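This is what each chain is made of:
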Amino acid sequence: MAFFEQNIHHPPKTFLSKYIFSYDHKVIGKQFLWYGIFFLLVGGLMALMIRWALAYPGEPFPVIGQFLFPTSNGVIPPDTYAMLFTMHGTIMIFYAITPILIGAFGNFCIPLMIGARDMVFPLLNMLSFHIAAVSGFILLASLFVPLGAAAGGWTSYPTLSTLIGSPGTGQTLWSLAIFVLGVSSTMGAINYITTIITLRAPGMGYFDMPLTVWGLGLTAVLNAIFLPVLGAGVLLLIFDRVFGTTFFLAGAAATTGTGDPVLFQHVFWIFGHPEVYILILPAWGVVSDLLSFFARKPAFGAKATALSMTTITILSTLVYGHHMFTTQMSPLLTQTFMTLTMTISIPSAIFFANWLGTIWKGSIRFTSPMLFSMGVVFVFGLGGLTGLYLGTVTTDLYLHDTYFVVGHFHYTMAASVLLGSFAAVYFWMPKMFGTMMCEFWAKVHFWITMLGLNGVFMGMLFMGYAGMHRRLYNPFVYDFLNKLVPINEFTTISAIVMGFAQIIFVVNFVHAVFFKKEKASDNPWEVGTLEWTIPSPAPNYNFKEIPVVKCGPHELGNPALTNGRDFQYQTEELARG
Amino acid sequence: METAVNNKINHQAELQGSVALIVALVSFSMLFATLFLGYSVFRLTSDMWPPAGMARIPLTIPTLSTVIVLVSSAFAWILEKSGYERKSMSFYFISFFTGIGFVVCQFYLWNMLKTIGVFTNSGIYPSMIYAFTWIHTAHMVLGLIAFIYLGFLLFKNNWILDDSIKLQKANSVLRFWHFLAVIWLMMYALLFVL
Ligand SMILES: [Cu+2]
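Let us look at the structure shown here. (Residues numbered from 1 in each chain as written. Chains lettered and ligands numbered in written order. Predicted model: local features only at pLDDT ≥ 70, side-chain atom pairs only at ≥ 80, totals over all residues. Heavy atoms only, no water.)

With that out of the way, let us pick up the overall build of chain B. Helices and strands together make up the secondary structure of chain B, namely five helices and zero strands. Along its sequence from the N terminus, chain B presents helices and strands in the succession α-α-α-α-α. Summarising its shape, the C-alpha atoms of chain B cover approximately 70 × 30 × 20 Å along the three principal directions. Residue pairs at least 24 apart in sequence account for 81% of intrachain contacts in chain B once pairs closer than 6 positions are excluded. Looking at chain B as shown, the accessible area adds up to about 9,000 Å², and 71% of this sits on carbon and sulfur atoms. Averaged over its 11 positive side-chain charges, chain B has a centre that lies 8 Å from the centre of its 7 negative ones. (Helix = DSSP H or I, 4+ residues; strand = E, 2+ residues; numbered from the N terminus. Contact = heavy atoms within 4.5 Å. Areas by Shrake-Rupley, 256 points an atom, 1.4 Å probe, with all protein chains shown as cover. Lys, Arg positive; Asp, Glu negative; His and termini not counted. Charge placed at Lys NZ, Arg CZ, Asp CG, Glu CD.)

By definition of the ideal shapes, a tetrahedral metal site with four donors has angles of 109.5 degrees and an octahedral site with six donors has angles of 90 or 180 degrees. Residues and elements named next belong to chain A. The coordination sphere of the copper ion, as far as protein atoms go, consists of His273 (ND1), His322 (NE2) and His323 (NE2), spread over 1.8 to 2.0 Å. Counting residues between consecutive donors of the copper ion along the chain gives the motif H-x48-H-H. On the criterion of sequence distance, the pair formed by His273 in helix H9 (residues 261-295) and His322 in the loop between helix H10 (302-315) and helix H11 (331-343) is long-range, its members being 49 residues apart. In terms of burial, His273 and His322 fall into one category: buried. (Donors = N, O, S within 2.8 Å, 3.2 Å for Na, K, Ca; no water. Buried < 20%, exposed > 50% of the residue type's maximum accessible area, 1.4 Å probe, protein only.)

Taken together, the 36 residues of chain A in the interface contact 32 residues of chain B. In this assembly, chain A packs against chain B so that about 2,800 Å² is buried in total across both faces, 79% of it on carbon and sulfur atoms. In this assembly, chain A and chain B are joined by zero salt bridges. If one sorts the elements of the side of chain A that touches chain B by residue count, helix H7 (residues 211-242) of chain A sits on top with ten residues. (Buried area = accessible area lost by both parts, 1.4 Å probe. Salt bridge = Lys/Arg side-chain N within 4 Å of Asp/Glu carboxyl O.)

Time to look at the packing of aromatic side chains. All names here are of chain A. All told, the structure shown has 76 aromatic pairs over all chains when counted by the stated rule. Measuring from ring centre to ring centre gives 5.9 Å for Phe427 and Trp525, while their planes differ by 20°; the resulting arrangement is stacked. Of this pair, Phe427 sits in helix H15 (residues 403-433) while Trp525 sits in the segment after helix H17 (485-515); the two residues are 98 residues apart in sequence, bridging distant segments of the chain. Residue Phe427 shares its accessibility class with Trp525, and that shared class is buried. (Phe/Tyr/Trp six-rings, centres within 6.5 Å; stacked < 30°, edge-to-face > 60°.)

Attention shifts here to unusual backbone geometry. Among all residues except glycine, the phi angle is most often negative; among peptide bonds, the trans geometry is most common. All names here are of chain A. Note that the residue after Pro158, namely Thr159, is joined by a cis bond; omega there is 5°. With respect to the helices and strands, the residue Thr159 is situated in the loop between helix H5 (122-141) and helix H6 (170-198). Omega for the peptide link from Ser536 to Pro537 comes to -15°, which places this bond in the cis form. Structurally, the position occupied by Pro537 is in the segment after H17. Positive phi values are uncommon outside glycine, yet Ser156 reaches one of about 40°. Note that Ser156 resides in the loop between H5 and H6. If you check the backbone angles, Arg296 has positive phi at about 55° while not being a glycine. A residue is classified by how much of its surface remains accessible, and Arg296, at 4% relative accessible area, is buried.

In structure tokens, the structure reads:
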């Protein structure tokens, strides 16, 4: 569309202006990437502790247990266990996945893929990272306050999260951190949406944008609309805790006019269900592109994929009640929410079929980004299917709050988003840092991660189906769960394997960023989107001249191509035979 | 040629400014909409309103706040219509100081509530009055900071906003200001009058 004037940034000169207070969307993206990887490791360590407590209750956590829990001789105490699963969820969702997929790749990919020199508001962009950093500090600080961190679960339902359920400042700091992070993400969303609407390169219509940008854009829309809802919720929670208001405190209810704990659940899930899509949409976008790039053929039904993603975005705002079937909702409402939830299967099935259509009869190159993308297809399929049982009222009444739920949302949110993030990291590594990561170790990383995570999350589905509740400190005090000791042990061992596999990634990544001499070529994957028309790593001004777009992003394997390549750049006229 | 390029830049600034402002206002609206959702839940499920044992809040101070915020918004509107010229400087200052007056009024409101024995922990009705006005006032303070920024913009450019980037910034500040006035009207109606 537009042919707007865009200034060329001057290259930064000092260390501070280059790495800390940078306006450059690529540097801000990298800041978010490091931030996310750091929290990914923290959250991962917490996951291992949770798993350890479930497989070997009463035994000290190996190696660092004595140091972390000196009072209990290295054994994870019950109250700490509650803090661990709370902080694990919070950190993974808000401080690992969000910064990596939305913060890092949103920042890095959007301007590069639409042919812009930077975001529309670079200053806002920089502030958005620094506010996120403040939020991260607040969250980490909450781990060290008296009475410990928040322990009401990542959903922090009252009364678990009011002063009655969790005294101490941990929960207050948690709420504050979430609010501050919400401000940061909303600022990012304003930037992303404005950039996508106004800075697309001349000739680039919305359907000429790579699906990655579609996913990131839809995520930004959901962020802008629904993060403030959570913001309002946690603000009121803070008021309840600090200033003595009574929004979520149940008393003798109606007569004295005190508050309503269930109201928080409504507010939380009005945000919370879209949040699921906020996390997954960028991964869907990335995967939709990568499947086409590495199957060496156009994305099957790319327009339909984009429109299905949009439909899901709209539908996702209407289904939140399926998280609250057990709150004595009227059957009319539960059935409405159930029906709406099931409706999401239709667009999901469409783009899932499009994914399969894309790789069908392709000349697939099994590179590491492709392996991870296909991993996403697999785990997302499983995760989506298990969701049907939770969206149906009758089965949900049994499965609610069991490990089946945990398995389900780890498949959809953790597994597919994690694999999607890895695909993105391996794929854009050359453009980001100018070097390729080692393919061999990337593939080893993939297979161990894939086996490990399926072990973990499949195990969770089974134990949940057998009735194990999701937040028990020691489930085996109940006789009927005693038979689940072996599967818990299996799950924990899988988690440990998966955890250690990430060391491979970290070493590979750090090596490629800091130590690798061999530079990547400009277009190592041989794909045609705009970011591959410029040098690797991308120069600080991105495009010396704003590119003019002449064809779509997935022009691969066109038999009319005559220049010895099996792909064409988006800046080239569509080859016709 | 020169003008063509300028027109393009102007068009760009307008588009970017208005898209960003719309998204931002949608975000702010959702924050307040959530508060109003909470209000309607409590209001609709309660047998009587205000909840038993509570008196209505005297309307004097909230009404005064409402008048002030309307005056402020009106002068902001005149300022925009007058094209930010030097001779409309007084409109800027009237609008700005009435804005401060509004915030002062809110402090009077909170004081008054305490003297008549309505505290944050006296039940859901006072909870809402306090929390909603706190959040709104915090936004008014943000709005005032934006107003100060607008003042800098105007004085630095000698009250001549000749390119549309500056014009867009000035207009955005005032739109946010009007938005907050509308939110206050809703709060006034829902919390105090109805
Ligand atoms: Cu949901």
